[in-house]
Amino acid sequence: TKLHQFLQHLPKCEHHVHLEGCLTPELMFTLAARNGVCLPNTEQRPEFTSPETLYERYEHFTSLDDFLSYYFIGMSVLQQQSDFEALAWEYFQMAHADGVHHAEVFFDPQEHINRGVPFETVVSGFVAGCQRAEQEYGMTAKLIMCFVKHLPASDAQKVFDLAVEGGHFESGAIHGIGASSSEVGPPKDMFKEIYQTAHSKGIRRTAHAGEEGDPTYIEAALEAYKSQRIDHGVRLIDSPRLMEQVARDEILLTVCPVSNVKLRGVDHISKVPIRAFLDAGVKFSINSDDPAYFGGFILHNYCSVQEAFDLSIEEWRTIAENSIHGSWVDHERKLELL
Ligand code: HPA
Ligand code: ZN
């Protein structure tokens, strides 16, 4: 690609990547065998025959929920602390190769706890991966805990309480909260109480909204959650009024262009409102979401955007600077990242 070298060297921040979405079919099969976890029966689900057949199936996701059904099966192979650490480390190696200098990564503790894996096992494994990235690469690496919308809010409240009581926000082991999984269906403000508590405690807040859902989902995240960032947020394009507000309040959207194509939010990358957001002064970062499922890490997203939009060096610098300014790091670190 034109500008590939330039884009690789551009200092990148990643704000929207799910560590469980970095689980490659190869690692999935390895861990399933090692941990004695049964993947679905291949008589009924032939796509689970081998990594190759899974990759083939990943070419044909029909929606967010179709993808999520694979994502939740995949993560069931994660059992030991060392599995979580290995998964995080695999991501950080790829991110480093792609020129990421700062990463804030999501994980879904409820899913692991409900399978009987202790919360502390998950957190300590992922924290170890983050620390290794900081030591070996000089990257800043932070964890954001996501609540999942397809399970009851009381379930999310329990894991939030565990994190607070464990001192994980105070220690910085967990850097903030997010909300993910199915969008259309569950109530838009289902985690309102948790987010209000987080706000009062000064805990950083983001939320997935406007991926498949209309702009009222984004509005709910901003109002009921006082969300400081919006994950995806591409449907903002359908509300000029809200778009103006998001631009004015400098709310960062963490856009994932390849993900939007793979999950059929748009039929081509050129339909992601990159140009419209740049023109309207809406700040956004470009991210990979679930790279092991969508066929590419962050640089692939940058290059795909360049292919479709042919942005100028100046515009790319603006995107990189906005990503740095929207990062949850102190002023000193921002100056280093610039
Ligand atoms: N949207 C919602 N939930 C998710 C996603 C996503 O793109 N990836 C992993 N969980
Ligand atoms: Zn996501």
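This text follows the structure it describes.
Residues numbered from 1 in each chain as written. Chains lettered and ligands numbered in written order. Predicted model: local features only at pLDDT ≥ 70, side-chain atom pairs only at ≥ 80, totals over all residues. Heavy atoms only, no water.

Student: Would you explain the packing of helix H11 (residues 215–223) against helix H12 (residues 240–248) in this entry?
Tutor: Contact pair H11 / H12: the axes reach a minimum separation of 10 Å and the direction vectors enclose 35 degrees. Note that H11 runs across H12; the crossing there is left-handed. In contact with Pro 215, Ile 218, Glu 219 and Leu 222 of H11, H12 contributes Arg 241, Leu 242, Gln 245 and Val 246. Taken together, the residues of the contact of H11 with H12 sort by class into five nonpolar, one polar and two charged. (Axes fitted to C-alpha atoms, helices over the stretch in contact; angles between N-to-C directions. Helix = DSSP H or I, 4+ residues; strand = E, 2+ residues; numbered from the N terminus. Left-handed = near helix turned anticlockwise from the far one by under 90°. Contact = heavy atoms within 4.5 Å. Nonpolar A, V, L, I, M, F, W, Y, C, P; charged D, E, K, R; others polar.)

Student: Would you take a moment to explain the pairing of strand E3 (residues 140–148) for this structure?
Tutor: Counting buried positions along E3 yields eight of nine residues, so the element is predominantly enclosed. Pairing between strand E2 (residues 100–107) and E3: six bridges, direction parallel. By the bridge assignment for E3, Phe 106 is matched with Ile 144. (Buried < 20%, exposed > 50% of the residue type's maximum accessible area, 1.4 Å probe, protein only. Pairing = 2+ DSSP bridges.)

Student: Just checking my understanding: could you explain the packing of aromatic side chains for this structure?
Tutor: Think of a pair of aromatic rings as described by two things: how far the centres are apart, and how the planes are tilted against each other in angle. Overall, the coordinates contain 23 aromatic pairs when judged by the stated rule. Arranged with centres 5.0 Å apart and planes meeting at 55 degrees, the rings of Phe 67 and Phe 294 form a pair that is tilted. Of this pair, Phe 67 sits in helix H4 (residues 64–74) while Phe 294 sits in helix H15 (residues 291–294), and the two are 227 residues apart along the sequence. Summarising the burial analysis for this pair, Phe 67 and Phe 294 share the class buried. (Phe/Tyr/Trp six-rings, centres within 6.5 Å; stacked < 30°, edge-to-face > 60°.)

Student: Is there a simple way to think about the sheet that holds strand E7 (residues 252–255) in this case?
Tutor: Sheets are built from strands paired through backbone hydrogen bonds, the pairs being either parallel or antiparallel. Across the sheet, which stays open at both edges, the eight strands sit in the order E1-E2-E3-E4-E5-E6-E7-E8 with parallel pairing between neighbours. Edge positions in the sheet fall to strand E1 (12–14) and strand E8 (284–286), since each of these pairs with one other strand and no more. The mean inter-strand angle of the sheet, taken between neighbouring strand axes irrespective of direction, is 25 degrees.

Student: When you look at helix H16 (residues 298–309) in this model, what are you seeing that I'm missing?
Tutor: Turn by turn, an α-helix covers 3.6 residues, leaving residues three or four places apart pointing in a common direction. Across its 12 residues, H16 extends 17 Å between first and last C-alpha, which sits within 8% of the 16 Å expected from 1.5 Å per residue. Most of H16 is tucked away, with nine of its 12 residues classed as buried. For H16, every residue scored as buried is listed here: Ile 298, Leu 299, Asn 301, Tyr 302, Cys 303, Ser 304, Val 305, Gln 306 and Phe 309. Just downstream of H16, Asp 310 is the residue with a positive phi angle, here 50 degrees. (Expected span 1.5 Å × (residues − 1).)

Student: Would you explain the side chain of Thr 254 in this entry?
Tutor: Its location among the elements puts Thr 254 in strand E7. A relative accessible area of 0% means that Thr 254 is categorised as buried. Separated by 2.7 Å, the side chains of Thr 254 and Asp 231 make a polar contact. Not counting residues within four places of it along the chain, the set of residues in contact with Thr 254 comprises His 15, His 16, Arg 229, Ile 230, Asp 231, His 232, Ser 285 and Asn 287. (Polar contact = N/O pair within 3.5 Å; in protein donor to acceptor, adjacent residues only side chain to side chain.)

Student: I keep staring at the site of ligand 1 and nothing clicks. Help me out?
Tutor: The local shell around ligand 1 consists of His 18, Leu 64, Phe 67, Leu 68, Tyr 71, Ser 180, Ser 181, His 208, Glu 211, His 232, Asp 289 and Asp 290. The side chain of His 18 places a nitrogen or oxygen atom 3.2 Å from a nitrogen atom of ligand 1. Contacts to ligand 1 include His 232, whose side-chain N or O atom sits 3.0 Å from an oxygen atom. Here ligand 1, which alone exposes 260 Å², has 100% of that area covered by the protein. Counted by class, the shell around ligand 1 contains four nonpolar, five polar and three charged residues. (Near = heavy atom within 4 Å. Areas by Shrake-Rupley, 256 points an atom, 1.4 Å probe, with all protein chains shown as cover.)

Student: I'm lost on the packing of helix H2 (residues 25–35) against helix H3 (residues 51–58) in this one. Help?
Tutor: The relative placement of two packed helices is expressed as an angle between their axes plus a distance between the axes. As a packed pair, H2 and H3 sit with axes 9 Å apart at the nearest point and diverge in direction by 135 degrees. As summarised for this structure, H2 and H3 are arranged oblique, according to the angle between their axes. Seen along the crossing, H2 lies across H3 with a hand that is right-handed. Along the contact surface, H2 presents Pro 25, Glu 26, Met 28 and Phe 29, while H3 presents Pro 51, Leu 54, Tyr 55 and Tyr 58. Here the contact of H2 with H3 is composed, by residue class, of seven nonpolar, no polar and one charged. (Parallel < 35°, antiparallel > 145°, perpendicular 65-115°, else oblique.)

Student: Is there a simple way to explain H4 in this structure?
Tutor: Of all 11 residues in H4, eight are buried, a share of seventy percent or more. For H4, the set of buried residues is Leu 64, Asp 66, Phe 67, Leu 68, Tyr 70, Tyr 71, Phe 72 and Gly 74. Buried residues belonging to H4 abut H2, H3, helix H6 (109–114), E3 and H15.

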